[in-house]
Amino acid sequence: MPKEVRRRRKRGERTSDRAGKGGQGRTKVLLIWSLLLMTVALTVLGAFLWFWLRTQMGRQAVAATDGAASQVGQKRNVSAFESPSEHAALELVRNALAARDPAEAARYFRLGSAKPETVAGFLSAMEAVDGPITGFQWLSSMDANDLLIDGVLVSTKKDGVPRNRLALLTPDEKGVWKIDFEAFARTVHPSWEALLAESGGSGRVRVIVARDSYYNGPFRDEFGWVSYGMASPDSDSILLGYCRKDSPQALAMERIVSGEDEDEGRRRLDRATLEIRRPEGAEIRQFEITRVLAEDWILSDVPFDRMGP
């Protein structure tokens, strides 16, 4: 090509390059301003959202506080009577165990099916049966069966062997706290001797229960029955109780034994009041659990196997 043409083309190329570079510069400026404006917009929007959320959270907090106050009010209505203090509970139990007059015994004990004379006679004979009292331990709240219950452990010793009884306190309809006598005496009907005799085989017992795995005789079908061990401080025999799987009694027993003693890290001693009967062909110590009356040793107006979870 002629020299002049080549020079014009080179100048044109340089002009185009400068134009391109100028365009790129303007694009970068626009991009920077766009990002800046976007940042400002997002900041404003974020601030707006923050204030809106804060307002909503404040309203929810007020609503939650109102709801909590309402729930506390409901609990106070259910727990209508204030529990006795540790000192008051221990003093009540000491005075109750010193009672020998039937009228005085009725003042301190919830009688149940017992007569005041029966309670006074039991207290008079208690030292001969259990030995002298060696101490009292406050157990605080032990609520069960939809009842308000506070407990005091009464320790005794006979022939060098420690023993104990549970004084379970509940309020009457007037809010007067009394010891449940049948729970304290671990009353059974009939006696353990009659229940474990060959001619016996049915009754109401207050026992300590735990899961078991022994299946035999009429209870040999482990897929149809649930097995439990049953023991009492008043009997040397370890009994076996069986519930039909998925029955109200099986569900009630499962609720009783499903907890753990968090403080000790081991299975707690679960108490229950049961109706049992020995079917034909069973061993002397084998019984069907026909009713679960209470998850502890105090009876309420509604049997435990009829209460919901």
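Summarised in this report is the structure supplied together with it. Small disclaimer: the values here were computed from a predicted structure and weren't measured. Within every chain, residues take consecutive numbers counted from 1 along the sequence as written. In keeping with the model being predicted, local features are shown solely for residues with a pLDDT of at least 70 and side-chain atom pairs are shown and tallied solely at 80 or more, while totals for entire chains, interfaces and linings include all residues. Values shown for side chains rest on all heavy atoms present in the structure; no hydrogens or waters enter the calculation.

### A few points about the overall build of the protein
The condition that has to hold: Secondary structure elements are defined from DSSP: runs of H or I of at least 4 residues count as helices, runs of E of at least 2 residues count as strands, and each element is numbered from the N terminus. We call a residue buried when its accessible area falls under 20% of the maximum for its residue type, exposed when it is over 50%, and partly exposed in between, using a 1.4 Å probe and counting protein chains only. Contact between two residues is taken to exist if any of their heavy atoms lie within 4.5 Å; hydrogens are not considered. Surface accessibility follows the Shrake-Rupley procedure with a 1.4 Å probe radius. Residue values consider only the protein chains on display as shielding.
Along the backbone of the protein there are seven helices and 10 strands. By residue count, 34% of the 309 residues in the protein fall in the buried class. Pairs at least 24 residues apart make up 53% of the contacts formed inside the protein by residues separated by at least 6 positions. A total of about 19,300 Å² of accessible surface is found on the protein, and carbon and sulfur atoms cover 54% of it.

### Some thoughts on the sheet that holds strand β4 (residues 161-171)
Short version of the rule: When DSSP finds two or more bridges between two strands, those strands count as paired. To get an axis, a line is fitted to the C-alpha atoms, and for a helix only the part in contact is used. The angle between two axes follows their N-to-C directions and goes from 0 to 180 degrees.
A sheet is described by the order of its strands in space; here five strands give the open sequence β1-β5-β4-β3-β2, paired in mixed fashion. For this open sheet the edge positions go to β1 (109-110) and β2 (133-141), each flanked by a neighbour on one side alone. Sheet topology places β2 next to strand β3 (residues 150-158); seven bridges connect them, and they run antiparallel. Bridge pairing in β3 links Gln137 to Leu153. Of the strands in this sheet, β1, β2, β3, β4 and β5 (177-180) touch helix α2 (residues 86-97), which is tilted by about 135 degrees from β2. The strands that helix α4 (residues 116-130) touches are β1, β3 and β4; relative to β3, the one it contacts most, it runs at about 45 degrees.

### Topic: the pattern of salt bridges
Defined as follows: Any carboxyl oxygen of Asp or Glu that lies within 4 Å of a side-chain nitrogen of Lys or Arg is treated as forming a salt bridge with it.
Within this structure, the stated rule accounts for 11 salt bridges. Arg211 is the partner of Glu254 in a salt bridge, and the nearest nitrogen-oxygen pair spans 2.8 Å. With a gap of 43 residues between them, Glu254 in helix α7 (residues 248-257) and Arg211 in strand β6 (residues 202-211) connect regions that are remote in the sequence. Accessibility expressed as a relative area gives 45% for Arg211, which makes it partly exposed. Glu288 is paired through a salt bridge with Arg277; the nearest N and O atoms lie 3.0 Å apart. Taken together, the residues Glu288 in strand β10 (residues 286-294) and Arg277 in strand β9 (residues 270-277) connect sequence positions 11 residues apart. Since its relative accessible area comes to 13%, Glu288 is described here as buried.

### Some details on the sheet that holds strand β7 (residues 225-231)
Around the barrel, which closes on itself, the five strands sit in the order β6-β7-β8-β10-β9 with mixed pairing between neighbours. Averaged over all adjacent pairs, the angle separating strand axes in this sheet is 55 degrees, with direction ignored. With four bridges joining them, β6 and β7 adopt antiparallel strand pairing. Bridging from a neighbouring strand, Arg211 pairs with Tyr228 of β7.

### Looking at the pairing of β5
Where β1 lies against β5, two bridges are found, and the strand directions are parallel. Paired with Arg110 across the two strands is Asp180, which belongs to β5. In this sheet, β5 lies alongside β4 in antiparallel orientation, the contact comprising three bridges. Each bridged residue has a counterpart across the sheet, and for Leu169 the counterpart in β5 is Ile179. Linking β4 to β5, which pair antiparallel, is a turn of five residues; within it Gly175 sits at a positive phi near 90 degrees.

### Examining the packing of aromatic side chains
What counts, and what does not: Pairing of aromatic rings covers Phe, Tyr and the six-membered ring of Trp, with a centre-to-centre limit of 6.5 Å; geometry is then stacked below 30 degrees between planes, edge-to-face above 60, and tilted otherwise.
Enumeration over the complete set of coordinates arrives at seven aromatic pairs. Plain terms: the ring middles of Phe122 and Phe181 are 5.4 Å apart, the flat faces sit at 90 degrees to each other, and that makes the pair edge-to-face. In this pair, Phe122 sits in helix α4 while Phe181 sits in helix α5 (residues 181-185), placing the two residues 59 residues apart along the sequence. Their ring planes at 75 degrees and their centres at 6.2 Å tell us that Phe122 and Phe184 sit as a pair that is edge-to-face. Remark: Phe184 occurs in helix α5 and Phe122 occurs in helix α4; sequence separation between them is 62 residues. Neither residue differs from the other here; Phe122 and Phe184 are each classed as buried.

### Description of the nonpolar core
The nonpolar side chains of soluble globular proteins are, as a tendency, buried together. To keep things clear, this is the line we draw: Within this scheme, the nonpolar core is defined by two criteria: the residues are buried Ala, Val, Leu, Ile, Met, Phe, Trp, Tyr or Cys, and they are joined through side-chain atoms within 4.5 Å.
Residues Val93, Phe109, Ala167, Leu169, Ile179 and Phe184 are the most contacted members of the largest nonpolar core, which totals 25 residues. Listing elements by their share of this core, those giving two or more residues are α2, α3 (102-108), α4, β3, β4, β5 and α5. Tyr228, Met230, Leu239 and Ile289 belong to the second largest nonpolar core, which has 24 residues in total.

### Remarks on α4
We count it as follows: A helix is expected to span 1.5 Å for every residue after the first. The angle separating two fitted axes, one through the seven residues that finish at a residue and one through the seven that start at it, defines the bend at that residue.
Spanning 15 residues, α4 covers 21 Å between terminal C-alpha atoms, matching the ideal 21 Å at 1.5 Å per step. A bend of about 40 degrees at Ser124 is the largest found in α4. For α4, every residue scored as buried is listed here: Val119, Ala120, Phe122, Leu123, Met126 and Asp130. Next to the buried residues of α4 lie α2, α3, β1, β3, β4 and α5. Two residues or fewer after α4 comes Gly131, characterised by a positive phi angle close to 90 degrees.

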